[in-house]
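Residue-level listing of the chains:
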Amino acid sequence: MKILFASSEIYPYAKTGGLADVSSALPIALKKYSNISRVMPLYGCMNTEKFAFYDDFSVSLDGNTYSIQVFKDEKKGVCSYFIKAPFLSETKRLYGDDKGDYKNNALRFGIFCMAIVQLSLRLNITVIHLNDWHTALVALFVKDLELGLKTVFTIHNLAYQGLFDATVLELLGIPSKYFTMESLEFYEKVNFLKAGIAYSDIITTVSPTYAKEILTPEFGCGLDGFLRQHQHKLVGILNGIDTISQYNDEINLINIKAKYKDDTLPLFVMITRLVAQKGIDLLIDSFSSLMQENINLFILGDGDAHITQKLKELAHKYENFYFFSGYDEKLSHQAYTAADFLLMPSTFEPCGLNQFIAMYYGTIPIVHSVGGLQDSVHEKEIKCGRGIGYKNQTKQEFVSAIKRALALSKQERKKIVAFNRHCDFSFHKSALKYLKLYKSLV
Ligand code: ADP
């Protein structure tokens, strides 16, 4: 059985969020048990110096032919293929710039999907593991062309669906019979994610609780009814992190913590994309209450210009709040290490990785208990992954969770940290669950 893991981002080649981390860690964990390789786009911003040329071919969409070049690289024993294609590879960033999403994203990722199909045939792939809307059309192409390949489709975040004007169907050579409610249509638009839901053999999402939540109107992003129709093939598998290669760095974490820590005030950190999902509104709402406590707060965040501006103003106003605007991998690791507590007041969270990284680094997470946060951070039960969780997304409950954290004695905090240090946050257990799914298809 040969597996191809297809994703729009893989760490360390290109990353905007947790998808890149998972696309790195899961195939590395699976490598021990299976013949797995990966494929992603080759973007204009990537350093391709070490890549080797592998293959070239062309794909055809609506009578237009696009030349594809495939490059190859190997990291941690997993081979990655990179698709160089017109439009797809001509952008500096992955999905968009300051003006918004790139206007030709439907074509960019449509070409990417058809190239994945061609590459899979050339590599004799048995199962293609697709991730999010960028790769979802592969499931449709495979069914439409009756190729007999098996597909697993993972939803990392239902809020991102790949919505486009109906005219893109023709551009992509997708027959109009697919423009129905049972297929790609979504309120007169084309919805790429629906292709993954409708045509893949198995759908997974990144935590058991999120798998239940997305079937409800509250979390279903307009697709709860559609997902309920396909519920028989939906499974929730909790994400993990790459504890062996990505976060270890052969350093003594506890020593590092002691070195960075100013012991006078507890340090709270938040490391996040600045989008509404991450609960920044609630944080801003609770700011004056928070700042009355004897704490230091550090936010490392990248994204929405309005939120950035607001946080800059708050940083100016409060001495015990520091804000670093931007995306900085190294700084994030230092912040996880130096902190006492990590804040994750996400309104919804499919899985979340920050809480795992934090617990691995000896930092206690304070989370809104939804989705994967509910499955991975436990306050009342003595279960792996200990932290603080609150149920309702209100200022009162959020501030009270922070007060519970501050009420923990040094001794109690040390106990939680030591307990978490012995938990397994790796992808090992979940990788075996994916393997079982792949095997069920052949
Ligand atoms: P999402 O994919 O929704 O952004 P996840 O919790 O799944 O959220 O993954 C977030 C990943 O991105 C983590 O590895 C986190 O450390 C990292 N990250 C988020 N924002 C930043 C930032 N501003 N700088 C550095 N790393 C960041």
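Residues numbered from 1 in each chain as written. Predicted model: local features only at pLDDT ≥ 70, side-chain atom pairs only at ≥ 80, totals over all residues. Heavy atoms only, no water.

Remarks on the site of the ligand
No. 1: Around the ligand, a shell composed of 20 residues is seen, among which Gly-18, Asp-21, Arg-273, Tyr-336 and Asn-354 lie nearest.
No. 2: Within the side chain of Asp-21, one N or O atom sits 2.6 Å away from an oxygen atom of the ligand.
No. 3: Between the ligand and Leu-353, the relevant distance is 2.9 Å, taken from an oxygen atom to a main-chain nitrogen or oxygen of the residue.
No. 4: Protein contact buries 92% of the 570 Å² of open area that the ligand shows by itself.
No. 5: Those elements that provide at least two residues to the shell around the ligand are α1 (18-31), β15 (267-274), β16 (296-303), α12 (329-338) and α13 (354-360).
No. 6: Taken together, the residues that form the shell around the ligand break down as six nonpolar, eight polar and six charged.
No. 7: Each of domain 1 (2-241 + 428-441) and domain 2 (250-421) contributes no fewer than three residues to the shell around the ligand. (Near = heavy atom within 4 Å. Polar contact = N/O pair within 3.5 Å; in protein donor to acceptor, adjacent residues only side chain to side chain. Areas by Shrake-Rupley, 256 points an atom, 1.4 Å probe, with all protein chains shown as cover. Helix = DSSP H or I, 4+ residues; strand = E, 2+ residues; numbered from the N terminus. Nonpolar A, V, L, I, M, F, W, Y, C, P; charged D, E, K, R; others polar. Domains from an automatic or database assignment.)

A word on the sheet that holds β15
No. 1: Strands sit in the order β17-β16-β15-β18-β19-β20 across an open sheet of six strands; the sheet is parallel. Strands at the two margins of the open sheet, each flanked by one partner only, are β17 (321-325) and β20 (388-390). The mean inter-strand angle of the sheet, taken between neighbouring strand axes irrespective of direction, is 20°.
No. 2: Inspection of the sheet shows β16 paired to β17 by five bridges, in the parallel sense. Bridge pairing links Ile-299 to Phe-323 in β17.
No. 3: Packing of α12 onto the sheet brings it into contact with β15, β16, β17 and β18 (341-344), and relative to β15 it is tilted by some 150°. (Pairing = 2+ DSSP bridges. Axes fitted to C-alpha atoms, helices over the stretch in contact; angles between N-to-C directions. Contact = heavy atoms within 4.5 Å.)

A look at the domain arrangement of the chain
No. 1: When its domains are assigned, the chain resolves into domain 1 (2-241 + 428-441) and domain 2 (250-421).
No. 2: If you average the C-alpha positions of domain 1 and of domain 2, the two centres end up 31 Å apart.
No. 3: Counting residues at the interface gives 21 residues for domain 1, matched by 19 residues for domain 2.
No. 4: For the pair domain 1 and domain 2, the summed buried area comes to about 1500 Å², and 64% of that belongs to carbon and sulfur atoms. (Buried area = accessible area lost by both parts, 1.4 Å probe.)

A short note on the side chain of Ser-346
No. 1: By the element assignment, Ser-346 lies in the loop between β18 and α13.
No. 2: Of note is the side chain of Ser-346, whose polar atom sits 2.8 Å from the side chain of Glu-349.
No. 3: When neighbours within four sequence positions are excluded, Ser-346 is seen to be in contact with Gln-277, Lys-278, Gly-279, His-368, Val-370, Leu-373 and Gln-393.

Some thoughts on the nonpolar core
No. 1: By size, the foremost hydrophobic cluster in this structure holds 79 residues, and its most contacted members are Ile-83 and Ile-128.
No. 2: Per-element accounting of this core gives the leading share, 11 residues, to helix α2 (residues 105-122).
No. 3: When neighbours within four sequence positions are excluded, Ile-128 is seen to be in contact with Leu-4, Ala-6, Ile-116, Ser-120, Val-138, Val-142, Leu-149, Lys-150, Thr-151 and Val-152. (Core = buried A, V, L, I, M, F, W, Y, C linked by side-chain atoms within 4.5 Å. Buried < 20%, exposed > 50% of the residue type's maximum accessible area, 1.4 Å probe, protein only.)

Details of the state of the cysteines
No. 1: Tallying each qualifying case throughout the model produces one disulfide.
No. 2: Each sulfur of the disulfide joining Cys-384 and Cys-423 lies 2.1 Å from the other. Given an S-S torsion of about -100°, the disulfide between Cys-384 and Cys-423 has left-handed geometry. In this pair, Cys-384 is assigned in the loop between α14 (371-376) and β20 and Cys-423 in the loop between α16 (410-421) and α17 (428-440), connecting sequence segments 39 residues apart.
No. 3: Residue classification places Cys-384 among the partly exposed positions, given a relative accessible area of 41%.
No. 4: Among the cysteines around Cys-45, which has no disulfide bond, Cys-113 carries the closest sulfur, lying 19 Å off.
No. 5: Cys-45 sits in the partly exposed class, given a relative accessible area of 43%.
No. 6: The thiol of Cys-221 is unpaired, and the distance to the nearest cysteine sulfur, on Cys-351, comes to 16 Å. (Disulfide = S-S within 2.5 Å.)

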